[in-house]
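# Close look at the chain arrangement
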Amino acid sequence: DIAEMRRSLWQDGTVSAVEADTILLANDELRGSSPEWTDFFVEAMTVYAVNAAQPKGYIDDARARWFAARITEQGKLPGMEELLLVVRILERATRVGEALRNLAHETFLRAVTEGAGPTRQGDDRAPAGCITAEEVDLLRHILFAPGSERPAAVSKNEAELLFAIKDAVLEGSNPPEWKQLFVQGVANYLEGFSGAGELTA
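Residues numbered from 1 in each chain as written. Predicted model: local features only at pLDDT ≥ 70, side-chain atom pairs only at ≥ 80, totals over all residues. Heavy atoms only, no water.

## A few points about the packing of helix α1 (residues 2-9) against helix α3 (residues 35-51)
Two quantities define a packed helix pair, namely the angle between the axes and the distance from one axis to the other. For the pair α1 and α3, the least separation of the axes is 10 Å and the interaxial angle reads 15 degrees. When the axes of α1 and α3 are compared, the pair comes out roughly parallel. Where α1 crosses over α3, the two elements pack in a sense that is left-handed. In contact with I2, M5, R6 and L9 of α1, α3 contributes E36, W37, D39, F40, E43 and A44. (Axes fitted to C-alpha atoms, helices over the stretch in contact; angles between N-to-C directions. Helix = DSSP H or I, 4+ residues; strand = E, 2+ residues; numbered from the N terminus. Parallel < 35°, antiparallel > 145°, perpendicular 65-115°, else oblique. Left-handed = near helix turned anticlockwise from the far one by under 90°. Contact = heavy atoms within 4.5 Å.)

Following this line, the structure appears as structure tokens:
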């Protein structure tokens, strides 16, 4: 079924608003059903989000707010499909409105403070008070993405996020990758964004 959807969708190389809406509705039923669906959903919706914007790759604040509202439930990302979609959009777009960036940041804070969210599902989910290797990897992609607040570098808000996560997981069992990302991220901010205001953490 997914192979047939791919063939139908890519006949003209684009994803229309009607097709995007159909895929979003399908995801409400198929979320978490298979890796193949997740890959298709993320790929198709990224093409729609990035290529349908004008100019291409520029997702302004209004469009970012609309997109964030469409992929959330009660203001939160409900599954990995939606989180991976936000990560991919940030990686592929040249500019992304703050609504989507903030949504990603809030998702990671919720994971480490509440032990809830897309990365904390299933019987073997990690508890609050720690960060997982998967989350560190996704966070790295978000911080240095072209569509982040400060492309290929760490902004003040992103450095604040790193400090907030650090405080939440200080006593937790964290992978070594977390310490590396924290040090690299904060150092990047201090080296390249000095004079823009002191960190509050």
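What follows continues from the structure just given.
## Structural notes on helix α9 (residues 176-192)
With 17 residues, α9 extends 25 Å between its outermost C-alpha atoms, agreeing within 8% with the 24 Å of an ideal straight helix rising 1.5 Å per residue. Residues of α9 that are buried include every one of W178, L181, F182, G185, V186 and Y189, and no others. When α9 is viewed along its axis, its buried side chains cluster within an angular range of 115 degrees and face the same direction. More than 90 degrees from the buried face of α9, the exposed residues found are P176, K179 and E191. Where α9 is buried, its residues contact α7 (133-143) and α8 (156-168). (Expected span 1.5 Å × (residues − 1). Buried < 20%, exposed > 50% of the residue type's maximum accessible area, 1.4 Å probe, protein only. Arc of directions from axis to C-beta.)

## Details of unusual backbone geometry
With the exception of glycine, the majority of residues adopt a negative phi angle, and the majority of peptide bonds are in the trans configuration. Its identity as a non-glycine residue notwithstanding, Q74 has a phi of 55 degrees, on the positive side. Locating Q74 in the fold gives a position in the loop between α4 (61-70) and α5 (80-92). Owing to a relative accessible area of 80%, Q74 belongs among the exposed residues under this scheme.

## A closer look at the environment of V154
With respect to the secondary-structure elements, V154 resides in the loop between α7 and α8. With a relative accessible area of 0%, V154 lands in the buried category. The sequence separation of V154 and T72 amounts to 82 residues, and the corresponding C-alpha distance is 26 Å.

## Considering the packing of aromatic side chains
In the structure shown here, the tally under the stated rule is five aromatic pairs. For the ring pair W37 and F40, a centre distance of 5.5 Å and an interplane angle of 45 degrees mean the geometry is tilted. With W37 and F40 both in helix α3 and three residues apart, the pair spans about one turn of that helix. In terms of burial, W37 and F40 fall into one category: buried. Consider the rings of W178 and F182, whose centres lie 5.8 Å apart with planes at 45 degrees: the pair is tilted. You can see W178 and its partner F182 sitting in helix α9, four residues apart, about one turn around the helix. Here W178 and F182 have matching classes, each one buried. Three or more aromatic residues link up through ring pairs in this structure, and these residues are W37, F40 and F41. (Phe/Tyr/Trp six-rings, centres within 6.5 Å; stacked < 30°, edge-to-face > 60°.)

## As for the pattern of salt bridges
Evaluation of the coordinates by the stated rule reveals ten salt bridges. Ionic pairing is found between E114 and R110, a salt bridge with its closest N-O pair at 3.6 Å. You can see E114 and its partner R110 sitting in helix α6 (residues 98-114), four residues apart, about one turn around the helix. The salt bridge involving E160 is made with K156; its shortest N-O contact spans 3.3 Å. (Salt bridge = Lys/Arg side-chain N within 4 Å of Asp/Glu carboxyl O.)

## Concerning the nonpolar core
If you look at the biggest cluster of nonpolar residues, it comprises 52 residues, and the most contacted ones within it are M45, F67, I71, L100, L139, I165 and W178. Ranked by residues supplied to this core, first place goes to α3 with ten residues. Residue contacts for L100: discarding those within four places in its chain leaves A64, F67, A68, I71, V86 and I89. (Core = buried A, V, L, I, M, F, W, Y, C linked by side-chain atoms within 4.5 Å.)

## Side note on the side chain of S155
Here S155 lies in the loop between α7 and α8. One polar contact links S155 to E149, side chain to side chain, over a distance of 3.0 Å. (Polar contact = N/O pair within 3.5 Å; in protein donor to acceptor, adjacent residues only side chain to side chain.)

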